[in-house]
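# Examination of the molecular architecture
Residue-level listing of the chains:
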Amino acid sequence: MSELEIRGLRVTFDGFTAVDGVDLDVAPGDLRFLIGPNGAGKTTLVDAVTGLVKAAGSAKFGGAELLGRPVHRIARSGIGRTFQTATVFEELTVLQNLDIAAGAGRSMWTMLRRRKDVPEAVARAMETVGLTDLADSPAGTLAHGQKQWLEIGMLLVQDVKLLLLDEPVAGMSHDERQATGELLQRISEERTVVVIEHDMDFMRSFARSVSVLHAGKVLSEGTVAQVQADPKVQEVYLGH
Ligand code: ADP
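The following paragraphs examine the structure supplied in this document. Per chain, residues are indexed from 1 in the order of the written sequence. Reporting in this predicted model follows two pLDDT cut-offs: at least 70 for local features of residues, and 80 or more for side-chain atom pairs to be given and counted; totals over whole chains, interfaces and linings ignore these cut-offs and use all residues.

Let us look at the overall build of the protein. Here a helix means four or more residues in a row that DSSP labels H or I, a strand means two or more in a row labelled E, and each is numbered from the N terminus. Helix and strand counts for the protein stand at ten helices and ten strands. Here the protein has a C-alpha radius of gyration of 18 Å; the compact-globule value for 240 residues is 18 Å, and the two agree. For the protein, the spread of C-alpha atoms along the three principal axes comes to 55 × 40 × 35 Å. Looking at the protein residue by residue over its 240 residues, the buried ones come to 42%. What counts as a contact here is a pair of residues whose C-beta atoms, placed from the backbone, lie within 7 Å. Contacts in the protein between residues at least 24 apart in sequence constitute 65% of all its contacts with a sequence separation of at least 6. Here the radius of gyration uses the C-alpha set of atoms, whereas the globule reference equals 2.2 Å times the residue count to the power 0.38. The burial criterion counts other C-beta atoms lying within 10 Å of a residue's C-beta, which is placed from the backbone; the residue is buried at 20 or more, exposed at 12 or fewer, and partly exposed between these limits.

Listed below in structure tokens is the structure:
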């Protein structure tokens, strides 16, 4: 069964159709890349699934309809997303950011907690995203790539089952991209990951499956090799 099952998804802004009848199935444990030229409708599709824009059609997660539900209820159902600009609390440490995301940040005691008291889930997330050595560093001092990893860690501690990531490697160095790709592969062993991406080299190296969007529609779908061999995709990307 698909974990995410989208049928006939349609989003219209003042008469302009940004997402035009999209069907999309993402299996549990997939590492799916959504690619396509600027304006193809990738972000709008993710906005629709997370409740940020109104959409017609159907989007089911684990069999339950998402469309029409408020944003916070969709988030609570196990779907989490990141945006192109990382939204971490700059003045707080890595550990405090993760604590707050885990919902444990309500008391001052939590903020002052000694390292040995770090909850298992927070410690595990910090290890997974490779930030354990920086636990006590303010998030504002992290490198760009590390902030993205922290934000992904904040989804992991919330026990998000489906991660929707908007261009996670934008602005990253080659080494950071490589580390991020390996991180997403590890995460997708237990969870499902959907990545909006412009970076074709990154997509080729790490995608398990690919959906190509163009003008609000799914133009092509399959493995990296399959979509690359599709003449329709070559046409859209001609000159890229
Ligand atoms: P992508 O993420 O593939 O680059 P988007 O989903 O951001 O594409 O945008 C798809 C189309 O919808 C674009 O033409 C964009 O200008 C338009 N669009 C996106 N958001 C809005 C909005 N809030 N109001 C009007 N048009 C929008």
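That was the structure; now back to the text.
What follows covers the pairing of strand β7 (residues 162–166). Of all five residues in β7, four are buried, a share of seventy percent or more. Any two strands with at least two DSSP-identified bridges between them are counted as paired. The sheet contact formed by strand β6 (residues 79–82) and β7 spans four bridges and is parallel. In the strand pairing of β7, Gly80 is matched with Leu163. Crossovers are described as right-handed under a simple rule: with the strands pointing away from the observer, the path leading from the first strand over the helix to the second runs clockwise. With helix α7 (residues 174–187) bridging β7 and the parallel strand β8 (residues 192–196), this β-α-β connection has right-handed handedness.

Between N-to-C directions, angles span 0 to 180 degrees; the directions come from axes that are lines fitted to C-alpha atoms, helices contributing only their stretch in contact. Look at helix α5 (residues 120–128) against helix α6 (residues 144–157): their axes get within 9 Å of each other, and the N-to-C directions meet at 145°. As α5 runs across α6, the sense of the crossing is right-handed. Taking contact as the criterion, the partners of Ala121, Val122, Ala125, Met126 and Thr128 in α5 are, on α6, Gly153, Leu156 and Val157. Per-class residue counts for the contact of α5 with α6 are six nonpolar, two polar and no charged. Two helices cross in a left-handed way if the nearer one is turned anticlockwise from the farther one by less than a right angle. They cross in a right-handed way if the turn is clockwise. As a working rule, the residues Ala, Val, Leu, Ile, Met, Phe, Trp, Tyr, Cys and Pro are called nonpolar, Asp, Glu, Lys and Arg charged, and the rest polar, with Gly in that last group.

Moving on: the site of the ligand. In this entry, near means the residue's backbone-placed C-beta atom lies within 6 Å of the molecule or strand. Around the ligand, the neighbouring residues are Phe13, Phe16, Ala18, Gly36, Asn38, Gly39, Ala40, Gly41, Lys42, Thr43 and Thr44. Broken down by secondary-structure element, the contributors of at least two residues to the shell around the ligand are β2 (16–26) and α1 (42–49). Broken down by element, the residue count for the shell around the ligand peaks at three residues, all from α1. In terms of residue class, the shell around the ligand is made up of four nonpolar, six polar and one charged.

Strands in a sheet are paired, the pairing made by backbone hydrogen bonds, and the direction either parallel or antiparallel. Read from one edge of the open sheet, four strands run β2-β1-β4-β5, paired in antiparallel fashion. The two strands at the open ends of the sheet, each matched to only one other strand, are β2 and β5 (64–65). As judged from the five bridges shared by strand β1 (residues 4–13) and strand β4 (residues 56–61), these two strands associate in the antiparallel manner. Looking across to β4, one finds that Glu5 is bridged to Lys60.

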